[in-house]
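# Survey of secondary and tertiary structure
The lines below spell out each chain.
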Amino acid sequence: MIIDCHGHYTTAPKGLQVWRDAQIAALKDATGPQGTAGPKGPAGPNGPALQITDEEIRQSLEGAQLKFQRERGTDVTIFSPRASAMAHHVGDATTSLHWSEHCNDLIHRVCTLYPDNFVGVCQLPQSPGVPPDTCIGELERSVNELGMIGCNLNPDPSGGHWTSPPLTDRCWYPLYEKMVELDVPAMVHVSSSCNANFHATGAHYLNADTTAFMQFLTADLFKDFPALRFIIPHGGGAVPYHWGRYRGLAQDMKRPPLADLIRHNVFFDTCVYHLAGIELLLKIVPIDNVLFGSEMVGAVRGIDPETGHYFDDTRRYIDQIAWLTDADRQKLYEDNARRVYPRMNALVGRGRQAGQAGQVGAGQAGRHEAHVRSE
Ligand SMILES: [Zn+2]
């Protein structure tokens, strides 16, 4: 089985953005409480309901994520709301909570419609300057009621201005205690950038990955939380390439060797979009600490003219690496993900689902041209 640990709902039906636009518009309307001026629909505790049908959800996935799963031979995607749309800097903690609830509910609907293809990871209702423990309620709801197996944690809710304390600061500890109690990991994942210096997916994302690693290196967070687990996506940013620098820094700072420091706590994904980069990652980082991921669809959408294949078809690179053993591949494609996201084991059986490939009519696949937003 091939588990892709990194996918976002970049193709969500337009009703999601309609709701969000209305929410943001209402923030500017001082005459009413936020969230109540959205599109028509029954008002719930977090404003009007999303106007999205199951058929729209199916259509949004058939020509995109499901099509790519079939074409590339991957089985299950660990699926979360569109990362760049989390935009924790918009509004306040209530804004963020309502938006997160809707996004997480939508992921739950996807996973309910396609239980063999997707397992959910939630967005947290973070907000700049607000203690992260305000996210505990939505994390609990997502895990206990929606069956989610992890969360995406934004180290910079300000969107590129880095106003929050480091991930090793004690203000994060209540959230970490809940993560350990629920046995769920977090992917360290920033959102859109409101700092013109940092392109979101080309700079802000990779900066954050690199930054988070250095924060982990310099503190005793994992002594305090031996069971806490983070996935640093996008191949770990600049970390594998500069492994010697980090090893040297750790030595100078009297820190443990890197392999010991990350062993049970820090994991990288394979969202690196060329063969040489993936080879470097897998040569440098212990195989037990790497999870297969592609971040399809949307981070980089195009086809590489040098190979004729999609940049984000990361399985293709791994399959070309002759020196990986079968045992390595088993860890990379399945076992590491099950260890880092143990709640997956109750939801996804081992071995390929019988008839899974035929579950979705092949004739449907090409008909729906899903609208892909940037990651
Ligand atoms: Zn991502």
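Going by the structure above, here's the rest.
This write-up is about the structure you can find in this document. Nothing here was measured: the structure is a model prediction, and the numbers come from that model. Throughout this description, residue numbers start from 1 for each chain and increase along the sequence as written. This being a predicted model, a pLDDT of at least 70 is required before a residue's local features are given, and a value of 80 or more before pairs of side-chain atoms are given or counted; all residues contribute to the totals for chains, interfaces and linings. In computing side-chain properties, one takes all heavy atoms of the structure into account and sets aside hydrogens as well as water.

### Some thoughts on unusual backbone geometry
- With an omega dihedral of 10°, the bond running from Met296 to Val297 counts as a cis peptide bond.
- Secondary structure elements are taken from DSSP: a helix is a run of H or I of four residues or more, a strand is a run of E of two residues or more, and numbering for both begins at the N terminus. Relative to the helices and strands, Val297 resides in the loop between β11 (290-291) and β12 (303-304).
- Phi at His234 is positive, roughly 55°, even though this residue is not glycine.
- Among the secondary structure elements, His234 is positioned in the loop between β9 (230-232) and α9 (243-252).
- Buried, partly exposed and exposed residues are distinguished by accessible area as a fraction of the type maximum, computed with a 1.4 Å probe on protein chains only: under 20%, between the cut-offs, and over 50%, respectively. Overall, His234 belongs to the buried group, its relative accessible area being 7%.

### Overview of the environment of Leu66
- Along the chain, Leu66 falls in helix α3 (residues 65-72).
- It is 35 Å that separates the C-alpha atoms of Leu66 and Phe216, two residues lying 150 residues apart in sequence.
- The contact definition used throughout considers only heavy atoms, calling two residues in contact when any of these lie within 4.5 Å. Setting aside chain neighbours within four positions, we find Leu66 in contact with Leu61, Tyr114, Asn117 and Phe118.

### Some thoughts on the coordination of the zinc ion
- Each protein donor to the zinc ion is listed here as His6 (NE2), His8 (NE2), His189 (NE2) and Glu295 (OE); together their distances run 2.0 Å.
- If you look at the zinc ion, its 4 donor atoms make angles of 97 to 125° with each other, and the shape they trace is tetrahedral.
- Taken in chain order, the donor set of the zinc ion reads H-x1-H-x180-H-x105-E. Residue His6 is found in strand β1 (residues 3-9), and its partner His189 is found in the loop between β8 (186-188) and α7 (200-218); the two are separated by 183 residues along the sequence. Metal sites are built from N, O and S donor atoms within 2.8 Å, or 3.2 Å for Na, K and Ca, and they leave out water, so they may look incomplete. For four-coordinate sites, all angles between 85 and 135 degrees define a tetrahedron; for four- and six-coordinate sites, opposite donors beyond 155 degrees with the remaining angles between 65 and 115 define square planar and octahedral shapes respectively, and all other cases count as irregular.

### Digging into the environment of Gly159
- Within the secondary structure layout, Gly159 lies in the loop between β7 (151-153) and α6 (173-182).
- In this structure the C-alpha to C-alpha distance between Gly159 and Asp312, which are 153 residues apart in sequence, comes to 25 Å.

### Topic: the nonpolar core
- Counting residues in hydrophobic clusters, the biggest one holds 76 residues, and the most contacted among them are Leu139, Tyr176, Phe213 and Phe216.
- With 6 residues, the top contributor of residues to this core is helix α4 (residues 93-113).
- Setting aside chain neighbours within four positions, we find Phe216 in contact with Leu167, Thr168, Val188, Leu221, Phe222, Phe230, Ile232, Leu261 and Val266. For our purposes a nonpolar core is just a set of buried Ala, Val, Leu, Ile, Met, Phe, Trp, Tyr and Cys residues, chained together by side-chain atoms within 4.5 Å.

### Observations regarding the sheet that holds β11
- At least two bridges found by DSSP between two strands is the condition for calling them paired. Pairing is parallel in the open sheet, where 6 strands are placed in the order β6-β7-β8-β9-β10-β11. Strands with a single pairing partner mark the edges of an open sheet, and in this sheet they are β6 (122-123) and β11.
- Strand direction decides the pairing type here: β9 and strand β10 (residues 266-269), joined by 3 bridges, are parallel. In the strand pairing of β10, Ile231 is matched with Phe267.

### Considering the packing of helix α5 (residues 136-145) against α6
- Contact geometry of α5 with α6 gives a least axis separation of 10 Å together with a crossing angle of 15°. Considered as vectors, α5 and α6 are oriented roughly parallel to each other. Between α5 and α6 lies a crossing of right-handed hand. Here Ile136, Leu139, Glu140, Val143 and Asn144 of α5 come into contact with α6, specifically with Pro174, Leu175, Lys178, Met179 and Leu182.
- Polarity classes work like this: nonpolar for Ala, Val, Leu, Ile, Met, Phe, Trp, Tyr, Cys and Pro, charged for Asp, Glu, Lys and Arg, and polar for all others, with Gly in that last group. Considered class by class, the residues forming the contact of α5 with α6 number 7 nonpolar, 1 polar and 2 charged. Helix axes use the C-alpha atoms of the stretch in contact, all axes being lines fitted to C-alpha atoms, and the angles between their N-to-C directions lie in the range 0 to 180 degrees. Here the angle decides the label: under 35 degrees means roughly parallel, over 145 means roughly antiparallel, 65 to 115 means roughly perpendicular, and every other value means oblique. The crossing is said to be left-handed when, going from far helix to near helix, the turn is anticlockwise and less than a right angle, and right-handed when the turn is clockwise.

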